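Here are the chains, one letter per residue:
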Amino acid sequence: ATPKPDLAPRRLASGRPCVGVEFGRESLRELHLPPLEPLCWLAILLKRLDVAAATSYFTAAQVSKLYGLLPDGDVWAEVRVALIATLYARIVDPAALGPRLLAKLKPRDLARLRHRLGILTLWDPRRPEGPYRLTLSNADERLVAKTLFSISTGTNGGWVD
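Just so you know, these numbers come straight off a predicted model, no measurement behind them.

Definitions and cut-offs
- Residues numbered from 1 in each chain as written.
- Predicted model: local features only at pLDDT ≥ 70, side-chain atom pairs only at ≥ 80, totals over all residues.
- Heavy atoms only, no water.
- Helix = DSSP H or I, 4+ residues; strand = E, 2+ residues; numbered from the N terminus.
- Phe/Tyr/Trp six-rings, centres within 6.5 Å; stacked < 30°, edge-to-face > 60°.
- Lys NZ or Arg CZ within 6 Å of the ring centre and 35° of its normal.
- Axes fitted to C-alpha atoms, helices over the stretch in contact; angles between N-to-C directions.
- Parallel < 35°, antiparallel > 145°, perpendicular 65-115°, else oblique.
- Left-handed = near helix turned anticlockwise from the far one by under 90°.
- Contact = heavy atoms within 4.5 Å.
- Nonpolar A, V, L, I, M, F, W, Y, C, P; charged D, E, K, R; others polar.
- Core = buried A, V, L, I, M, F, W, Y, C linked by side-chain atoms within 4.5 Å.
- Buried < 20%, exposed > 50% of the residue type's maximum accessible area, 1.4 Å probe, protein only.
- pLDDT = per-residue confidence, 0-100.
- Salt bridge = Lys/Arg side-chain N within 4 Å of Asp/Glu carboxyl O.
- 1 Å grid on protein atoms, 1.4 Å probe; cavity = no way out; pocket = protein on both sides within 12 Å on 5 of 7 lines; lining within 4 Å.
- Points joined across faces, edges and corners; volume = space filled by probe spheres on them.

1. What about the environment of E129?
Here comes step 1: If you trace the backbone, E129 turns up in the loop between α6 (119–122) and α7 (139–153).
Here comes step 2: Separated by 19 residues in sequence, E129 and L148 have C-alpha atoms that sit 9.8 Å apart.

2. Observations regarding the packing of aromatic side chains
Here comes step 1: By the definition in use, this model includes zero aromatic pairs.
Here comes step 2: One Lys or Arg, R90, reaches over the ring of Y57 and ends 4.1 Å from the middle of that ring.

3. Considerations on the packing of helix α2 (residues 60–69) against helix α3 (residues 77–87)
Here comes step 1: Contact pair α2 / α3: the axes reach a minimum separation of 9 Å and the direction vectors enclose 165°. Here α3 runs roughly antiparallel to α2, going by the angle between their axes. Handedness of the crossing formed by α2 with α3: right-handed. Residues V63, L66 and Y67 of α2 form the contact with α3, whose participating residues are R80, L83, I84 and L87.
Here comes step 2: Here the residues of the contact of α2 with α3 sort into six nonpolar, no polar and one charged.

4. As for the nonpolar core
Proteins that are soluble and globular tend to have nonpolar side chains buried together.
Here comes step 1: Counting residues in each nonpolar core, the largest one holds 26 residues, and the members touching the most others are L87 and L113.
Here comes step 2: Those elements that place two or more of their residues in this core are α1 (38–55), α2, α3 and α4 (97–102).
Here comes step 3: Leave out the neighbours within four places in its chain, and L113 touches V81, I84, A85, L102, L105, G118 and L122.

5. Points about the confidence of the model for the protein chain
Here comes step 1: Averaged over all residues, the pLDDT of the protein chain is 74; the fraction at 70 or higher stands at 72%.
Here comes step 2: Below pLDDT 50 for its whole length, residues 5–34 participates in 58 contacts with residues either more than four positions away or in separate chains.

6. Regarding the pattern of salt bridges
Here comes step 1: Counted according to the given criterion, the structure contains five salt bridges.
Here comes step 2: Among the salt bridges present, the one from R108 reaches D74, with a minimum N-O distance of 3.4 Å. Here D74 lies in the loop between α2 and α3 and R108 lies in helix α5 (residues 107–117), a separation of 34 residues in the sequence. Of the two residues, R108 and D74, neither departs from the other in class, the shared state being exposed.
Here comes step 3: Salt-bridge contacts for D124 lead to R126; the nearest nitrogen and oxygen are separated by 3.1 Å.
Here comes step 4: For D124, a relative accessible area of 19% gives the class buried.
Here comes step 5: Taking relative accessible area as the criterion, R126 reaches 65% and is therefore assigned exposed.

7. Concerning the layout of surface pockets
Here comes step 1: Here the largest pocket defines a volume of roughly 1,000 Å³.
Here comes step 2: Around the largest pocket sit 33 residues that line it, and L102, L110, R114, L122 and W123 are the ones nearest its centre.
Here comes step 3: Elements supplying a minimum of two residues to the lining of the largest pocket: α4, α5, α6 and α7.
Here comes step 4: Counting residues per element, the lining of the largest pocket draws most heavily on α5, at five residues.
Here comes step 5: Of the residues belonging to the lining of the largest pocket, the class tally is 17 nonpolar, seven polar and nine charged.

8. Quick look at the environment of A60
Here comes step 1: Counting through the fold element by element, A60 comes out in helix α2.
Here comes step 2: When the C-alpha positions of A60 and I84 are compared, they lie 9.8 Å apart, and in sequence the two are 24 residues distant.

This is the structure we're talking about:
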């Protein structure tokens with residue numbers, strides 16, 4: 001018989017800055033998930049995440065560590081992306097998010113996160129390195145393209161809409 005997940009409430013840290021969440025003694029990798037009910041365990045994990053995010057603040061390093069604890073695979077992709085999307089507004093040092101977390105993201109997770117939060121939320125013009133695939137019919141992505149053009153040419157003009 002497959003063990004059932006423990007649905008008992010977990011202790012949460014109160015809303016002090018830089019305080020994370022206690023999930024009990026088990027790590028995220030040790031959660032026993034019922035194989036026949038994939039949407040059930042996903043909903044449980046996302047609800048736990050919502051409760052934790054409502055009462056806590058996190059550093060970019062803590063969010064990066066939580067992301068690293070989640071298993072690989074497409075089954076966990078939604079949980080990984082939801083983790084970052086939910087905790088993004090509760091990060092106390094968003095400038096450290098790029099170097100700490102965004103560089104570690106899997107390409108598919110980064111694409112999903114850009115879709116959920118928008119490219120302007122995640123893009124830092126002070127660190128424009130990396131490959132881009134932009135849709136110029138999207139206003140936000142067009143703004144990123146204009147800014148990249150200005151940075152690369154060293155000018156503020158030259159772009160015609």
